[in-house]
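Close look at the chain arrangement
These are the residues of each chain, in order.
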Amino acid sequence: MRVTSMVAGLAIVLAACGGEKKAEDQSTTTATPEQQPSAAPAAAPAAGGGGTHDVNMVLDGSTYKFDPAELTIKAGDVINFHNKSGGPHNVSFWADSIPSGAANVLKGSMPDQMAPLEGPLLTEQDAIYKVSFAGAPAGDYKFYCLPHLALGMHGKITVQ
Ligand SMILES: [Cu+2]
């Protein structure tokens, strides 16, 4: 409130000083909105990737699977693993089937891990488990669903 009244007071002083200073004040006010839109498009390409991919976790007939089971993404992309049917499912990465350095990245980007590289069990239908590949090294990431590994539910993500 005090700041507002000070600003109001300044505006009155500026107005009293005449047109010249008032024009200066307007030019600084309009400069700020002009800078913001130009900064936004510049930030978008710099981020790289940033795409979102959906991988469904489904029971199709008697087959448990990730759909798609294989996909190629860019570093910086996000994958939403979606528990569609036949759950609980989860997302686990094989420590020996991911690129060097990837375990450290996934450690930080996989929420609620039950164990290293092991995502939580998704029991609720339509639950989504989001994994960010920001800073992820390029290469193949092989993963599986812990409850359905023996039934062949696994897949591969290739980070370009
Ligand atoms: Cu599963």
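Structural notes, computed from the coordinates. What you see is a predicted model, and the numbers here were worked out from it, not measured in a lab. Residue indices follow the written sequence of each chain, beginning from 1 at its first position. Selection of residues for local features in this predicted model requires a pLDDT of at least 70, selection of side-chain atom pairs for listing and counting requires 80 or more, and totals for whole chains, interfaces and linings are taken over all residues. With hydrogens and water stripped out, all remaining heavy atoms of the structure feed into the side-chain values.

Concerning the sheet that holds strand β4 (residues 78-83)
In this analysis, strands are considered paired if DSSP registers two or more bridges between them. For helices the rule is a DSSP run of H or I covering at least 4 residues; for strands it is a run of E covering at least 2, with both sets numbered from the N terminus onward. Here we have four strands laid out as an open sheet, ordered β2-β1-β4-β6, and mixed in their pairing. Both edges of this open sheet fall to β2 (63-67) and β6 (128-132), since each of them pairs with a single strand only. Geometrically, the sheet is characterised by an average inter-axis angle of 15 degrees between neighbouring strands, direction not taken into account. In the sheet, strand β1 (residues 52-60) pairs with β2 via five bridges, with the strands oriented antiparallel. Across the sheet, Met57 pairs through a bridge with Phe66, a residue of β2. Axis definition: a line fit to C-alpha positions, over the contact stretch in the case of helices; interaxial angles, taken between N-to-C directions, run 0 to 180 degrees.

Notes on the sheet that holds strand β7 (residues 139-144)
Strand pairing in a sheet relies on backbone hydrogen bonds. The paired strands run either parallel or antiparallel. Strand order in the open sheet formed by four strands is β3-β8-β7-β5, and the pairing between neighbours is mixed. Either end of the sheet is taken by a strand with one partner, and the two such strands are β3 (70-73) and β5 (92-93). Of the pairings in the sheet, the one linking β5 to β7 comprises two bridges and is antiparallel in character. Bridge pairing in β7 places Ser92 opposite Tyr144.

Some remarks on the coordination of the copper ion
All of the protein donors around the copper ion are His89 (ND1), Cys145 (SG), His148 (ND1) and Met153 (SD); their distances to the metal are 2.0 to 2.5 Å. Note on donors: an N, O or S atom is included if it sits within 2.8 Å of the metal, or within 3.2 Å for Na, K and Ca, and water is never included, so sites can look incomplete. Every geometry call rests on angle ranges, with four donors termed tetrahedral when all angles are between 85 and 135 degrees, four termed square planar and six termed octahedral when opposite donors are over 155 degrees apart and all others are between 65 and 115, and everything else termed irregular. Coordination at the copper ion is tetrahedral: its four donor atoms span angles of 96 to 129 degrees at the metal. When the donor residues of the copper ion are listed from N- to C-terminus, their spacing reads H-x55-C-x2-H-x4-M. You can see His89 sitting in the loop between β4 and β5 and its partner Met153 sitting in the loop between β7 and β8 (154-159), a full 64 residues away along the chain.

Quick word on the pattern of salt bridges
Between Lys or Arg on one side and Asp or Glu on the other, a salt bridge is scored when a side-chain nitrogen of the former is within 4 Å of a carboxyl oxygen of the latter. Going through the model one piece at a time under the given rule, you end up with two salt bridges. A salt bridge links Asp60 to Lys65, with the shortest nitrogen-to-oxygen separation between them at 3.2 Å. With relative accessibility at 43%, the residue Asp60 sits in the partly exposed group. In this structure Lys65 comes out as partly exposed when scored by relative accessible area, which is 30%. Across the salt bridge formed by Asp140 and Lys156, the nearest N and O atoms sit 3.8 Å from each other. Note that Asp140 is positioned in strand β7 and Lys156 in strand β8, a separation of 16 residues in sequence. The buried label goes to any residue with under 20% of its type's maximum accessible area, the exposed label to any with over 50%, and the partly exposed label to all in between, with areas taken from a 1.4 Å probe on protein chains only. Here Lys156 falls in the partly exposed class, since its relative accessible area comes to 22%.

Structural measurements only, silent on function.
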